[in-house]
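Spelled out, the chains give:
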Amino acid sequence: MIFYAVGLIVQLAAAVTLAVSVNLDCEIRNIKSKSLYTDLSFFFGLFGFLAYYIARDKAKQKEQPELTSKEMVYVEYSNLKKYKKSQILFYVSLLLFVIQMLISIHSIMTDYSLTNFIEDIFKFFVK
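Reading the values: the criteria
Residues numbered from 1 in each chain as written. Predicted model: local features only at pLDDT ≥ 70, side-chain atom pairs only at ≥ 80, totals over all residues. Heavy atoms only, no water. Helix = DSSP H or I, 4+ residues; strand = E, 2+ residues; numbered from the N terminus. Buried < 20%, exposed > 50% of the residue type's maximum accessible area, 1.4 Å probe, protein only. Contact = heavy atoms within 4.5 Å. Areas by Shrake-Rupley, 256 points an atom, 1.4 Å probe, with all protein chains shown as cover. Salt bridge = Lys/Arg side-chain N within 4 Å of Asp/Glu carboxyl O. pLDDT = per-residue confidence, 0-100. Axes fitted to C-alpha atoms, helices over the stretch in contact; angles between N-to-C directions. Parallel < 35°, antiparallel > 145°, perpendicular 65-115°, else oblique. Nonpolar A, V, L, I, M, F, W, Y, C, P; charged D, E, K, R; others polar. Arc of directions from axis to C-beta.

1. Observations concerning the overall build of the chain
Along the chain, the regular secondary structure elements total five helices and zero strands. For the chain, the α and β elements follow one another from N to C terminus as α-α-α-α-α. Buried residues in the chain amount to 27% of all 127 residues. Taking as baseline every contact in the chain between residues at least 6 positions apart, the subset at least 24 positions apart corresponds to 77%. Working note: accessible area of the chain is about 9,300 Å², and carbon and sulfur atoms make up 69% of it.

Spelled out as structure tokens, the structure:
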């Protein structure tokens, strides 16, 4: 029972970290439709991320105002910090997806399904 619950939690955590990673990357690149790519990567996981990865170079960017040299240095520094966060979150989400796959394989190999999980929860609360 515990593997199924942990698998669901890990899947949700992987989706959230991937969506935040895509959102940060969209902010760095000034992409107009960052909510679209964030939602795609949250709801469709790695397939949504692949759609973003393919389209991000061609995506429409927001208009950038003219910046002074001091402002430009600050923007570059903050973008570098966001880029590092985005990379870390992406690698964490990949690790979580791998862990979730292993949990799924374990559930399949032990023949533990969603109906068994619901029955176990029902037995736990109805004792």
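Once you've had a look at it, read on.
2. Things to note about unusual backbone geometry
Of note, N30 is a non-glycine position whose phi angle comes to about 55°, a positive value. As for its position among the elements, N30 is in the loop between α1 (2-29) and α2 (34-44).

3. Comments concerning the pattern of salt bridges
A complete count under the given rule lists three salt bridges for this structure. Here R29 and D25 are joined by a salt bridge, their closest N and O atoms 3.0 Å apart. Placement of the pair is R29 and D25 together in helix α1, with a separation of four residues, close to one helical turn. Given the relative accessible area of 6%, D25 is considered buried. Between E27 and K34 there is a salt bridge whose closest N-O contact spans 3.3 Å. Each of E27, K34 and K82 takes part in salt bridges that share partners, so that together they form one network.

4. Here we look at the confidence of the model for the chain
Overall, the prediction assigns the chain a mean pLDDT of 82, with 82% of residues at 70 or greater. Looking at the elements of the chain, mean pLDDT is at its lowest for helix α5 (residues 114-126), recorded as 77, and at its highest for α2, recorded as 90.

5. Quick look at the packing of α2 against helix α3 (residues 46-55)
Remark: α2 packs on α3, axes separated minimally by 5 Å, with the N-to-C direction vectors making an angle of 150°. When the axes of α2 and α3 are compared, the pair comes out roughly antiparallel. Contacts from Y37, L40, S41 and F44 of α2 reach α3 at L46, F47, G48, F49, Y52 and A55. Grouping the amino acids of the contact of α2 with α3 by side-chain chemistry returns eight nonpolar, two polar and no charged.

6. Concerning α3
At 3.6 residues per turn, the α-helix brings residues three or four places apart onto the same side. Every buried residue of α3 is accounted for by G48, F49 and Y52. Buried positions in α3, seen along its axis, are confined to an arc of 100° and lie on one side of it. Turned more than 90 degrees off the buried face of α3, the exposed positions are F47 and I54.

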